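What follows is the residue order along each chain.
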Amino acid sequence: MAKHHQIPIVDTDIHERVQYQDILEYLEEPFKHYITNCHWMQEKHMPYTQPATAGVDRADAVLPDGRPAGSDLAFMQKQLLDDIGHEYGILTSALDPSPSSMHGWYEMAASLATAYNNWQIEHWLEKDERLYGSVHIAAQERDVAVKEIERVGSHPKMVQVLLPIDDIMWGDPYYHPIFEAAQKHHLMIGMHHNEPPVYYGKWPRYFIEWHTLIPTAHMKQITNMIFNGVFDKFPQLGLIMIEGGFTYIPHLMWKMDQQFRDLRHEVPWLKRKPSQIMKDQVRITTQPAEELTKKEFESLIDQMGSEEMLCFSTDYPHWDFDSPSRALPSMDPALKQKIFADNAKAFYPKLPGGREEKHGRASRLQNI
């Protein structure tokens, strides 16, 4: 077993590939019938091709027998978990599109989410002690989504509820029961872009535009969640923004604080500055990491005012995979330990060594 990284990795974004034949046995009728006999297919969500020989994936991650990258646990174990030396990995799936992004037929979306959750637990989480999972829901039907969280949220290896970044602004009070259920089961909220997030349902003309502007969609969701009072209402809840980079964070903190000084009468439920809420309850995955020098990276961390906000991610098996040996500049060993492992452990209560294990079920905000 090769280990190419000295610090054990907690990888906060690993995409296991889901195919219809994988989850058909978990799919209830009549929805299984619609796929097997009526040839229903999920809508294609991206009009572009990626600038890689295997499309969205690394060419070397495609299985030797031609199956899609990320679709085989044993291959992923060899190429990623064992080779790099993962301590833990959070599965975020390649269920394309997410059930919460389907623009109609929400009953099918809910059935797919349930089938996926059952498949993920049996075929991935229970077969590798290093892997932890994300609860998928069809959030368009809020009450159905809450029932799904209640159904699988207590599983010890489910660590977050995964929501897509698309044309839904999740801070809307309508969705707060989802956050209440997540907090009840000690789940965090993970947000990952899925449908076109930049123009609220429309794609820009070129892939390079969309890929450049992804951080703006992440900024919208963080801002919406904070100013709608989600984190004051649910003090044990955390939000992790997945696959949008991290260099936008200081700007967003400064801008929200400035607006809060001028307009706080509009959001009287906020008891802390937005930047403090972010430090307390928001985490950011590193991928895709911009190419920063050591000096630039240290300056960015200093501008954030926190060493606890960044959590390392590879985005395996996608074409812009970030290697832990090359993605980030050299840094102080203590900071490196935080970013590559400790910050994620402190964020996710259910990870071994996390705050639930260390401190029971007490709020991490008890000292605020």
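Only a predicted model underlies this, so the values are computations on that prediction, with no experimental measurement involved. (Residues numbered from 1 in each chain as written. Predicted model: local features only at pLDDT ≥ 70, side-chain atom pairs only at ≥ 80, totals over all residues. Heavy atoms only, no water.)

*Asks:* So what's going on with helix H7 (residues 207-227)? Which residues, and what values?
*Replies:* Between its first and last C-alpha, H7 extends 31 Å over 21 residues, near the 30 Å set by a 1.5 Å rise per residue. Along H7, the sharpest kink reaches roughly 40 degrees, centred on Leu213 and followed within four residues by the proline Pro215. Phe207, Trp210, Ile214, Pro215, Ala217, His218, Met219, Gln221, Ile222, Asn224, Met225 and Ile226 are the residues of H7 that are buried. Positioned one or two residues after H7, Gly229 has a phi angle of 80 degrees, which is positive. (Helix = DSSP H or I, 4+ residues; strand = E, 2+ residues; numbered from the N terminus. Expected span 1.5 Å × (residues − 1). Bend = angle between axes of the 7 residues up to and from the residue. Buried < 20%, exposed > 50% of the residue type's maximum accessible area, 1.4 Å probe, protein only.)

*Asks:* An account of the side chain of Glu148 is requested, with residue identities and associated values reported.
*Replies:* Topologically, Glu148 is positioned in helix H5 (residues 142-152). When near neighbours in sequence (up to four residues on either side) are disregarded, Glu148 contacts Ala113, Thr114, Asn117, His136, Ile137 and Gly153. (Contact = heavy atoms within 4.5 Å.)

*Asks:* Tell me about the packing of H7 against helix H10 (residues 274-281), residues and numbers included.
*Replies:* Two numbers describe how H7 lies on H10: the axes approach to 11 Å, and their chain directions differ by 105 degrees. As judged from the angle between their axes, H7 and H10 are roughly perpendicular. Across the interface between the two elements, Ile222, Ile226 and Phe227 from H7 touch Pro274, Ile277 and Met278 from H10. Taken together, the residues of the contact of H7 with H10 break down into six nonpolar, no polar and no charged. (Axes fitted to C-alpha atoms, helices over the stretch in contact; angles between N-to-C directions. Parallel < 35°, antiparallel > 145°, perpendicular 65-115°, else oblique. Nonpolar A, V, L, I, M, F, W, Y, C, P; charged D, E, K, R; others polar.)

*Asks:* Outline the pattern of salt bridges, listing residues and values.
*Replies:* For the structure shown, the criterion picks out 14 salt bridges. The partner of Arg130 in a salt bridge is Asp82, and the shortest N-O contact between them spans 2.7 Å. Of this pair, Arg130 sits in the loop between helix H4 (106-125) and strand E3 (131-136) while Asp82 sits in helix H3 (residues 73-85), and the two are 48 residues apart along the sequence. As far as burial versus exposure is concerned, Arg130 and Asp82 are alike and both buried. For Asp128, the salt bridge goes to Arg130, with nearest N and O atoms at 2.8 Å. The residues Asp128 and Arg130 share a single accessibility class, namely buried. Through salt bridges with shared partners, a single network forms among Asp65, Arg67 and Asp72. (Salt bridge = Lys/Arg side-chain N within 4 Å of Asp/Glu carboxyl O.)

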